[in-house]
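Below are the chains, spelled out letter by letter.
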Amino acid sequence: MKDLFDKIYADKGPLGKWADKAEGYFVFPKLEGPISNRMKFQGKDVITWSINDYLGLANHPEVRKVDAEAGAKYGSAYPMGARMMSGHTDMHEQLQNELAAFVQKEAAYLLNFGYQGMVSTIDALVSKDDIIVYDVDAHACIIDGVRLHAGKRFTYRHNDMESIEKNLMRATKLAEKTGGGILLISEGVFGMRGEQGKLKEIVALKEKFNFRLFVDDAHGFGTLGKTGAGAGEEQGVQDKIDVYFATFAKSMASTGAFIAADQEIIDYLKYNLRSQMFAKSLQMQLVEGALKRLDMLRTMPELKAKLWENVNALQSGLKSRGFDIGTTQSCVTPVYLKGSIPEAMALVKDLRENHGIFCSIVVYPVIPKGLILLRLIPTASHTLQDVEETLQAFSAIREKLETGVYKRLTAAMAAEMGE
Ligand SMILES: Cc1ncc(COP(=O)(O)O)c(C=O)c1O
């Protein structure tokens with residue numbers, strides 16, 4: 001009989017197998033210093049394009065003050081216990097009410113973490129006779145929520161209306177047999193490529209099919225829509241989203257998350273969300289901090305305006321220099337280049353060491369072989385000078401990539417990796 005750990009000793013997994021080449025640099029890098037447009041990486045100053053601090057709140061003095069005061073007042077323990085048992089407070093309720101109003105829903109409920117909360121919400125919304133229809137490019141938390149589902153699920157091709165309709169048709173036929181309902185799950189903004197979910201078109205299908213729409217708007221909340229209520233507001237269909245989800249981990253630069261929906265649905269979830277029923281309540285420092293951040297989202301539209309000034313400068317600058325930034329419709333800015341994994345590694349090293357630019361890199365197997373995706377996240381704390389320096393650096397590395405400089409530098413590594 002095998003030892004349980006044999007497979008772990010033999011295979012570190014699709015990402016883990018790169019650890020000896022990548023750890024500390026490409027994965028698990030240590031960015032140091034206060035969270036801002038410029039931080040330190042391995043002792044060097046770098047312009048940081050890899051942090052979802054969209055509105056620049058992470059290190060805003062007013063936010064830091066409230067966080068520190070709440071920490072001093074409550075410590076990190078209060079309140080103790082799950083919401084249902086002993087961890088409930090007026091402040092938790094106030095935050096829920098304010099969040100619900102902000103995203104134009106009747107009610108909201110707090111989640112300790114977006115990831116777990118999403119998994120748990122999917123679990124609570126469906127029972128075995130129901131059918132889930134969801135985008136093939138969905139975030140891991142959606143995929144894992146769907147994995148808990150004991151009934152049928154159908155994936156549709158990414159943002160493809162024909163495929164959505166076809167799968168809704170299949171789901172409808174099946175639901176008529178099982179006696180269940182249909183939950184369609186999309187993201188408001190797909191975090192890798194920056195496209196918005198086709199919420200307006202999906203909502204229009206409610207005329208033809210009977211389904212409920214659940215939207216993970218992690219990247220849309222605070223960045224899209226007139227008031228910052230997200231992708232649904234941007235597309236004019238916020239009221240047609242049946243269950244809305246956002247995390248505090250991006251625009252709010254904190255930890256925690258929430259769902260928002262009609263009062264009756266939230267009342268149900270409150271009593272059925274296992275991630276909240278059986279886990280300690282969101283700590284008070286985070287609740288007070290979130291109230292402050294939400295207030296800033298409401299009252300300081302200049303933050304979102306500055307974010308978009310930077311997004312537009314970066315995206316139009318990249319496009320005018322001939323870079324392929326795909327079909328983004330959000331702040332997420334992907335840059336697609338062609339090259340091998342060793343070339344991608346050399347290029348990112350060059351960007352960090354010689355140009356002081358820190359961005360995330362995505363390669364095969366996450367995207368097709370031969371493609372390199374550099375992912376830039378502009379924030380309100382960036383400056384137009386940051387954008388200009390970055391554009392120049394990108395032109396320089398593209399020149400080297402196209403003239404084979406990185407290929408020559410990495411020939412030995414490529415042979416070793418069978419590239
Ligand atoms: C689309 C999406 N959903 C959910 C999450 C998870 O949120 P959290 O970080 O609060 O667990 C993330 C990442 O933060 C995300 O990008």
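All values reported here derive from a predicted model rather than from experimental measurement. All residue numbers refer to position in the chain's written sequence, counted from 1. In keeping with the predicted nature of the model, local features appear solely for residues at pLDDT of at least 70, side-chain atom pairs appear and are counted solely at 80 or more, and the whole-chain, interface and lining totals rest on all residues.

This next bit is on helix H12 (residues 284-299). Along its 16 residues, H12 runs 22 Å from first to last C-alpha, staying within 8% of the 22 Å computed at 1.5 Å per residue. Neighbour counting defines burial: a residue surrounded by 20 or more other C-beta atoms within 10 Å of its own C-beta is buried, one with 12 or fewer is exposed, and intermediate counts give partly exposed, using backbone-placed C-beta atoms. A helix here means a DSSP run of H or I that spans at least four residues, while a strand means a run of E at least two residues long, and both kinds are numbered starting from the N terminus. The complete set of buried residues in H12 reads Met-284, Gln-285, Leu-286, Val-287, Glu-288, Gly-289, Ala-290, Lys-292, Arg-293, Leu-294 and Leu-297. Once C-beta atoms are placed from the backbone, any two residues with those atoms within 7 Å are in contact. Of the surrounding elements, those touching the buried residues of H12 are helix H3 (61-74) and helix H4 (90-102). Expected helix span is given by 1.5 Å per residue-to-residue step, counting one fewer step than there are residues.

Let's shift gears to the packing of H4 against H12. Packing of H4 against H12 brings their axes to within 10 Å, and their N-to-C directions diverge by 30°. When the axes of H4 and H12 are compared, the pair comes out roughly parallel. Here the hand of the crossing between H4 and H12 comes out left-handed. Contact residues: Met-91, His-92, Gln-94, Leu-95, Glu-98, Leu-99 and Phe-102 in H4; Met-284, Val-287, Glu-288, Ala-290, Leu-291, Leu-294 and Arg-298 in H12. Note on method: axes are straight lines fitted to C-alpha atoms, helices fitted across the in-contact stretch only, with angles between N-to-C directions ranging 0 to 180 degrees. Should an angle fall under 35 degrees it is taken as roughly parallel, and over 145 as roughly antiparallel, whereas 65 to 115 is taken as roughly perpendicular and any remaining angle as oblique. In this scheme the handedness of a crossing depends on how the near helix is turned from the far one: anticlockwise by less than a right angle means left-handed, clockwise means right-handed.

Only strands that DSSP links by at least two bridges are regarded as paired with each other. Reading across from one edge, S11-S14-S13 is the order of the three strands in this open sheet, with antiparallel pairing throughout. The sheet is open, and its two borders are formed by strand S11 (333-338) and strand S13 (360-362), each paired with just one other strand. Taking the axes of each pair of neighbouring strands and ignoring which way they run, one obtains an average angle of 25° across the sheet. Pairing analysis gives three bridges linking S13 to strand S14 (residues 371-376), with the strands arranged antiparallel. Within S14, the position partnered with Val-362 by the bridge is Leu-373.

Defining nearness, a residue is near a molecule or strand when the C-beta atom obtained from its backbone falls within 6 Å of it. Taken together, 13 residues sit near the ligand, with Gly-114, Tyr-115, Ala-218, Thr-247 and Ala-249 positioned nearest. By residue number, the principal contributor to the shell around the ligand is helix H5 (residues 114-125), which donates three residues. Residue classes follow a fixed rule: Ala, Val, Leu, Ile, Met, Phe, Trp, Tyr, Cys and Pro count as nonpolar, while Asp, Glu, Lys and Arg count as charged, and any other residue, Gly among them, counts as polar. Tallied by class, the residues present in the shell around the ligand amount to seven nonpolar, four polar and two charged.

In this section: the packing of helix H13 (residues 301-320) against helix H15 (residues 384-402). Between two packed helices, both the angle of their axes relative to each other and the distance between the axes serve to describe the pair. Where H13 contacts H15, the two axes come as close as 10 Å, and the packing angle between them is 20°. Regarding the angle of H13 to H15, the classification is roughly parallel. Note that H13 runs across H15; the crossing there is right-handed. Contacts from Asn-310, Ala-313, Leu-314, Gly-317 and Leu-318 of H13 reach H15 at Leu-384, Val-387, Leu-391 and Phe-394. Partitioning the contact of H13 with H15 into residue classes produces seven nonpolar, two polar and no charged.

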